[in-house]
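Structural features, examined
Chain by chain, the residues run as shown.
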Amino acid sequence: MHRVCFTLQVRKDRMEEYAERHAAVWPDMLQALHDTGWHNYSLFLRDDGLLVGYLETPDLAAAQDGMARTDVNARWQAEMAGFFEDLDLPPDQGFWQLAEVFHLEDQLTAGPSTPHSTDTAQDQ
């Protein structure tokens, strides 16, 4: 499963409405996301409008393509577009994807690696 984290910037004057809309996402939108491979999907909104999204999917491009083929996604993206700053694409295409640099479980299952320590104790 591929882990995806992304950011967008919500307009400060629309943050409350954005949160309200996401407290009651349309049932057909929820089902479409699930059916097209958007799993463990969460959105987090900071008080300055920074939106951080996280999802797990077997294939992000396939999940996005699947949503692009649904009518409900076209309606949802059209309604959501006005909530974001500096966005030339629909929100589900215009987000900034972050590179994953650490995942605890991946490193635990990979086994021991070369130890790095800041401990300055010397052999006696």
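In the nomenclature of an unreviewed UniProt entry, the protein is known as L-rhamnose mutarotase of Nocardioides oleivorans.

1. Quick notes on unusual backbone geometry
Note on backbone geometry: most residues besides glycine have negative phi, and most peptide bonds are trans. Backbone geometry at Asn-40 places phi at a positive 50°, although glycine is not the residue there. By the secondary structure assignment, Asn-40 is in strand S2 (residues 39-45). One non-glycine residue, Asp-86, lies in the positive phi region at around 50°. Mapped onto the elements, Asp-86 comes out in the loop between helix H4 (71-80) and helix H5 (91-94). The exposure class of Asp-86 is exposed, given its relative accessible area of 77%.

2. Points about H4
Every buried residue of H4 is listed here: Val-72, Asn-73, Trp-76, Gln-77 and Met-80. Down the axis of H4, the buried set is contained in an arc of 125°. They therefore lie on one face. Of the exposed residues in H4, the ones pointing more than 90 degrees away from its buried face are Asp-71 and Ala-78. For H4, the secondary structure elements touched by its buried residues are helix H1 (15-23), helix H2 (27-35), helix H3 (60-68) and H5.

3. Things to note about the pairing of S2
Pairing analysis gives 5 bridges linking S2 to strand S3 (residues 50-57), with the strands arranged antiparallel. Residue pairing across strands places Leu-45 opposite Leu-51, the latter belonging to S3. Where S2 folds back on S3, the antiparallel hairpin that results is connected by 4 residues, among which Gly-49 adopts a positive phi of roughly 100°.

What counts and what doesn't
Residues numbered from 1 in each chain as written. Predicted model: local features only at pLDDT ≥ 70, side-chain atom pairs only at ≥ 80, totals over all residues. Heavy atoms only, no water. Helix = DSSP H or I, 4+ residues; strand = E, 2+ residues; numbered from the N terminus. Buried < 20%, exposed > 50% of the residue type's maximum accessible area, 1.4 Å probe, protein only. Arc of directions from axis to C-beta. Contact = heavy atoms within 4.5 Å. Pairing = 2+ DSSP bridges.

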